[in-house]
Structures are given as structure tokens and as C-alpha cells.
Amino acid sequence: MQTTTRIIIAGAGIGGLTAALALLQRGFDVTVFEQAPELKELGAGIQIAANGSRVLIELGLEDKLKPIICEAASKEVRLWNTGQSWKLFDLGADSIKRFGAPYWMVHRGDLHRVLLEAVQALKPDAVVTGAQVDGFTQSDGIVTVQLADGRSFTGNALIGADGVHSKLRSQMFRSPQARFTGLMAWRGLAPMDKLSPELQRPVGTNWIGPGGHVITYPIRGDSLLNFVGLVENVTWTRESWTEAGTKEECKADFEGWNPLIHEVIDVMSTPFRWALVSRDPLPVWTEGNVTLLGDACHPTLPFLAQGAIMAIEDGLIVARCLEEQPDDINAALKAYEALRTERTAAIVRGSEANLHRFHNQALAETQTAVEYVEREWEPDKVRKRYDWLFEYDATHVPIPA
Ligand code: FAD
């Protein structure tokens, strides 16, 4: 199908590019305005569970992603001080058998590059950089987008994929109140060949402790270990992906933790830190021919590792809805919203509920810690927490006509 329907997307992040690719594949004319002057590698690791990899495979990206993803064999939980470990669940072949798709761990920059190249292969000038979207007006089915440099563009629909600090969300709705959680996350990348063999295993690990937790997993074809370390009771409140800190500050926050944690921090690149902020989910996010997706409409805490995946699911589903009703864009966008609000709100709330599961005072003493892990991470409870996330199939969710 080749349509003359022109879709404008604000933001060339993971969600914006997924939507652009899915729409281009369906014959829509797409332009993506991105505020950054150039698109370069940013961020660190992202986990792509079966519900996300299924979409990326459907979009035809598996061959390009295969060399740069890691398919961890399992997930485990370890005690912050002794390092005692428990298997949480199998991944690898088990994820494919149980959920029909693999569990991948990938560098955000690698995934972003593969998405960008796929978009540009279909429309070389689809992404316009140095183009900050400032706002929009709409009338009679035409949306006019204003850029910060004074230029304006028109289209039949506008999708706001402009991330957690979305300007479009602010124009459309009162932004949900942001509550600082008192938590801050460190993230960094350690070269795998500089780490001891125990850290080189192909597993995702949740190190849990009193007042903090650390997530480690391999990315970029097992050449890097991704580190995310969360600590409580901090005064750092900047919700940004680009604030550098020092290894000394990072190590001080994990004083008394297992030497393996310090080994990772010692060899990793400059650590970055960001403050964790929670917000209530929006009940609606469409107005006329304008809608939102990804972090712009359902920013989440990272405790279910579903932020990027929700944006990927949104990207495919909004495209499928527009394909179903290309002549009634408002109805298509409303259908997309109706399909996504309940699930994404459940993920946002579930992540918040997980907040203190990873770092609990019971973990301070080894005896109570072991009881806590065996109670809280018991296999049935773990399945209940995760299976509904991984089972979801955005490629086959029925789209209302
Ligand atoms: P994002 O991926 O955040 O993309 C939003 C895009 O919109 C960005 O490219 C931004 O520059 C652009 N934008 C913002 N405002 C405007 C505007 N007014 N006009 C035009 N463009 C605009 N998650 C992790 O799990 N691990 C990481 O290491 C990690 N690093 C990140 C690094 C960066 C620089 C960013 C932006 C995000 C990072 N994330 C990371 C977050 C993760 O990518 C998102 O939470 C998730 O993918 C949701 O995607 P999204 O497309 O909704 O938003």
C-alpha cells in the first residue's frame, strides 16, 4: 500500500524510529524531527525481553541485531555481600520455547543505529536532525508542527515520541506530577576481557542489598558488561541520561559490597548517573490527529526493564492501527491509545511496586537475607511477576476496524 498520508514524528529515539520503520513499511510517508544536531551512540545497556524482540524480528531486524546482541542463558539473583546466588529463570532457548521469541541484551546505541539504518534504507531523508519540535496546531485534519528555529511543517498526523521530558505532552495535557523516589542510578560499561571469569558468564544478575541493588548483564556480543547500580537516600535529583560522575563517588555508594562489584566499577568507563522519578500513568494521550508514544506518555521506573520495550510495542501498534484506518486518523489513534493504556499503566505501577523488592533491610543480615530471597523470589511468584509481560504479542494484538 502506498499512501499520501504524511505522518510527522517528534523524536528519533527508540520509540520514534520503531514507529517510523513500521509506518514506512506500510507505505506511509514519514518525517522524523529530532532535536539532537547529530545522531550518535548514547546510553548503555537495554534489555529486550520476548515481547520486544518479537516486534524487532517482525520488523525484519533480526539479522542486523544478531551480531551485536547477547542472548543470556539465565537470570540470577545474588546477595550484595556474600555473592550467594539463586537462579531466577532460564532464558536462551527457554525464552523461545515458552514465549516464542528470544531475550536479548543490547547496547542502546547499537539498537538505535540498526533502527536508524533500516528507516534510512526505506527513506534516506526521513530523519531531520537539529530540529526541535516546539509545539503544534491542528485544524481540519491537518497538523502544523512548529520547530524552535521558526520553521513549520504540515502533516496528517503527529506522533510525539519526544521522551520523558516531552514538550508535546506538556502542550496537550497537564504533565503527571513527578515524584522523586530518593533513588539514583549509576550506569557504566566494563570491558569483559578485563573482568575475572566469574563475571564473564552469559547471565543477567540482580545483586540485591539493603538500600541498593546492582544489575549486570553482557552486551555487544559479550564484549561489554553493562552495570546499573541503584542507591537510596540521595540528594541528586537530575533526571538526565548524560550526567557524568566519578568512579570514586560510585565506589563510595557501594562500600561494603562484594569485591566483584568493585572490580566492575574499577575497570568501567566513566559512570553516568540519573535520578529516578516516578509519575502516575496518563489516562489518555490523544487529541485529534496528535498522539504520544513511549516515555512521552508512560515514563516508568526501570524495575521491570520494560521502558524501551513499551516504546517498541507502541511503535508497531500505532502503525498497525493507522494501516487499518488510514482514512480516519483520529479513530486510528484512539484505537491505538485504547489498546495501550491499560497494559502500559500496569507496567508503570508494577515497576513502582518492585521498587523496594530489590533492596530491602532484611538483606542486611545473611540469615534474614536468605529467608527473604527464598520467600520473595520463589519460582511461582517470579512467573507471576514476569510471564504476563513476556507473553504479550504486539504483532498479533487484534486491531479494531
Ligand atoms: P527516548 O529513547 O528517550 O527518545 C526521545 C527522543 O526524542 C530523543 O532522541 C530526544 O533527543 C528527542 N527529543 C526530545 N525532545 C524533542 C523535541 N522537542 N523535538 C525533537 N526531538 C526531541 N535506557 C536504558 O535502559 N539504558 C540506557 O543506557 C539509556 N540511555 C539513554 C540515553 C539517552 C540519550 C536517551 C535519550 C535515553 C536513554 N535511555 C536509556 C532511555 C530509553 O532509551 C527510553 O526510556 C526508551 O527507549 C523509550 O524510548 P522513547 O523513544 O520513548 O524515548
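Residues numbered from 1 in each chain as written. Predicted model: local features only at pLDDT ≥ 70, side-chain atom pairs only at ≥ 80, totals over all residues. Heavy atoms only, no water.

## Notes on the nonpolar core
Then comes step 1: Counting residues in hydrophobic clusters, the biggest one holds 138 residues, and the most contacted among them are Ile9, Phe227, Phe254 and Trp377.
Then comes step 2: Examining the composition of this core, we find that 10 residues originate from one element, helix H9 (residues 307–324), more than from any other.
Then comes step 3: If you count residues domain by domain, this core takes at least three from each of domain 1 (1–38 + 129–175 + 279–355) and domain 2 (45–107 + 178–278 + 360–395).
Then comes step 4: Discounting chain neighbours no more than four positions away, the residues touching Ile9 are Gly16, Ala19, Ala20, Leu23, Val30, Thr31, Val32, Phe33, Ile159 and Ala161. (Core = buried A, V, L, I, M, F, W, Y, C linked by side-chain atoms within 4.5 Å. Buried < 20%, exposed > 50% of the residue type's maximum accessible area, 1.4 Å probe, protein only. Helix = DSSP H or I, 4+ residues; strand = E, 2+ residues; numbered from the N terminus. Domains from an automatic or database assignment. Contact = heavy atoms within 4.5 Å.)

## Concerning the sheet that holds strand S10 (residues 152–155)
Then comes step 1: Strand order in the open sheet made by the three strands is S8-S9-S10, with antiparallel pairing throughout. Two strands close off the open sheet at either side, each with one partner strand: strand S8 (133–139) and S10. Averaged over neighbouring strand pairs, the angle between their axes works out to 20° when direction is ignored.
Then comes step 2: By the bridge criterion, six bridges tie S8 to strand S9 (residues 142–147) in an arrangement that is antiparallel. Residue pairing in the sheet places Phe136 in a bridge with Val145 of S9. (Pairing = 2+ DSSP bridges. Axes fitted to C-alpha atoms, helices over the stretch in contact; angles between N-to-C directions.)

## Observations concerning the site of the ligand
Then comes step 1: Lining the immediate environment of the ligand, one finds 27 residues, of which Gly15, Glu34, Ala44, Arg108 and Asp295 sit closest.
Then comes step 2: The separation between an oxygen atom of the ligand and a polar main-chain atom of Ala44 is 2.6 Å.
Then comes step 3: Note that a nitrogen atom of the ligand is positioned 3.1 Å from one of the backbone N or O atoms of Gly45.
Then comes step 4: Contact with the protein chains hides 87% of the accessible area of the ligand, taken as 920 Å² for the molecule alone.
Then comes step 5: Elements that contribute at least two residues to the shell around the ligand include exactly helix H1 (14–25), strand S3 (45–48) and H9.
Then comes step 6: The biggest single contributor to the shell around the ligand is H1, with three residues.
Then comes step 7: Among the residues making up the shell around the ligand, the classes are represented as 12 nonpolar, 10 polar and five charged. (Near = heavy atom within 4 Å. Polar contact = N/O pair within 3.5 Å; in protein donor to acceptor, adjacent residues only side chain to side chain. Areas by Shrake-Rupley, 256 points an atom, 1.4 Å probe, with all protein chains shown as cover. Nonpolar A, V, L, I, M, F, W, Y, C, P; charged D, E, K, R; others polar.)

## Structural notes on the sheet that holds strand S14 (residues 212–219)
Then comes step 1: Taken in spatial order, the seven strands line up as S5-S4-S13-S14-S15-S12-S16 in an open sheet, and their pairing is mixed. Taken across any chain shown, the strands that pair with only one partner, and hence form the sheet edges, are strand S5 (85–90) and strand S16 (272–278). If you compare each strand with its neighbour and ignore which way they point, the axes differ by 20° on average.
Then comes step 2: Inspection of the sheet shows strand S4 (residues 74–79) paired to strand S13 (residues 203–209) by six bridges, in the parallel sense.

## Some points on the environment of Ala148
Then comes step 1: With respect to the helices, strands and loops of the structure, Ala148 is situated in the loop between S9 and S10.
Then comes step 2: According to the relative accessible area criterion, Ala148 is partly exposed, its value standing at 46%.
Then comes step 3: Considered as a pair, Ala148 and Gly109 are 39 residues apart in the sequence and their alpha carbons are 26 Å apart.

## Brief notes about the packing of helix H2 (residues 50–58) against helix H12 (residues 379–391)
Then comes step 1: Across the interface, H2 lies against H12 with an axial gap of 6 Å and an inter-helix angle of 10°. The angle between H2 and H12 places the two elements in the roughly parallel class. In this structure, H2 uses Ala50, Asn51 and Arg54 to contact H12, whose residues at the interface are Leu389, Phe390 and Glu391.
Then comes step 2: When the residues that make up the contact of H2 with H12 are grouped by side-chain class, the tally is three nonpolar, one polar and two charged. (Parallel < 35°, antiparallel > 145°, perpendicular 65-115°, else oblique.)

## Structural notes on the side chain of Thr341
Then comes step 1: With respect to the element layout, Thr341 can be found in helix H10 (residues 329–353).
Then comes step 2: Excluding residues within four positions of it along the chain, Thr341 makes contact with Leu282, Pro283 and Trp285.

## Some remarks on the pairing of S5
Then comes step 1: Sheet topology note: the S4/S5 ladder contains five bridges and is antiparallel. Residue pairing in the sheet places Lys75 in a bridge with Phe89 of S5.
Then comes step 2: Counting the residues between successive antiparallel strands, the hairpin from S4 to S5 contains five residues, one of them, Gly83, with a positive phi of roughly 80°.

## Section: unusual backbone geometry
Then comes step 1: A positive phi angle, near 45°, is found at Arg220, a position not held by glycine.
Then comes step 2: Among the structural elements, Arg220 can be located in the loop between S14 and strand S15 (224–231).
Then comes step 3: On the basis of relative accessible area, Arg220 is assigned to the partly exposed category, the value being 24%.
Then comes step 4: Despite not being glycine, Ala305 shows a phi value in the positive range, around 50°.
Then comes step 5: Tracing the sequence through the fold places Ala305 in the loop between strand S18 (290–292) and H9.

## Some details on the domain arrangement of the protein chain
Then comes step 1: In terms of domain boundaries, the protein chain breaks down into domain 1 (1–38 + 129–175 + 279–355) and domain 2 (45–107 + 178–278 + 360–395).
Then comes step 2: Once you take the C-alpha centre of each, domain 1 and domain 2 turn out to be 28 Å apart.
Then comes step 3: If you look at the interface, domain 1 gives 29 residues, while domain 2 gives 29 residues.
Then comes step 4: Of the roughly 2,500 Å² buried between domain 1 and domain 2 on both sides combined, carbon and sulfur atoms contribute 64%.
Then comes step 5: Across the pair Asp280 and Arg179 runs a salt bridge, and its minimum N-O distance is 3.2 Å. (Buried area = accessible area lost by both parts, 1.4 Å probe. Salt bridge = Lys/Arg side-chain N within 4 Å of Asp/Glu carboxyl O.)

## Brief notes about the pattern of salt bridges
Between side chains of opposite charge, a pair can form when the charged atoms approach closely.
Then comes step 1: For the structure on display, the rule yields 24 salt bridges.
Then comes step 2: A salt bridge links Asp29 to Arg6; its shortest N-O distance comes to 4.0 Å. With Asp29 in strand S2 (residues 29–33) and Arg6 in strand S1 (residues 6–10), this pair connects stretches of sequence that are 23 residues apart.
Then comes step 3: Between Arg273 and Glu249 there is a salt bridge whose closest N-O contact spans 3.8 Å. Of this pair, Arg273 sits in strand S16 while Glu249 is found in helix H7 (residues 247–253), placing the two residues 24 residues apart along the sequence.
Then comes step 4: Looking at Glu249, the relative accessible area reads 34%, which means it is partly exposed.
Then comes step 5: Through salt bridges that share partners, Glu313, Asp314, Arg340 and Arg343 make up one connected network.

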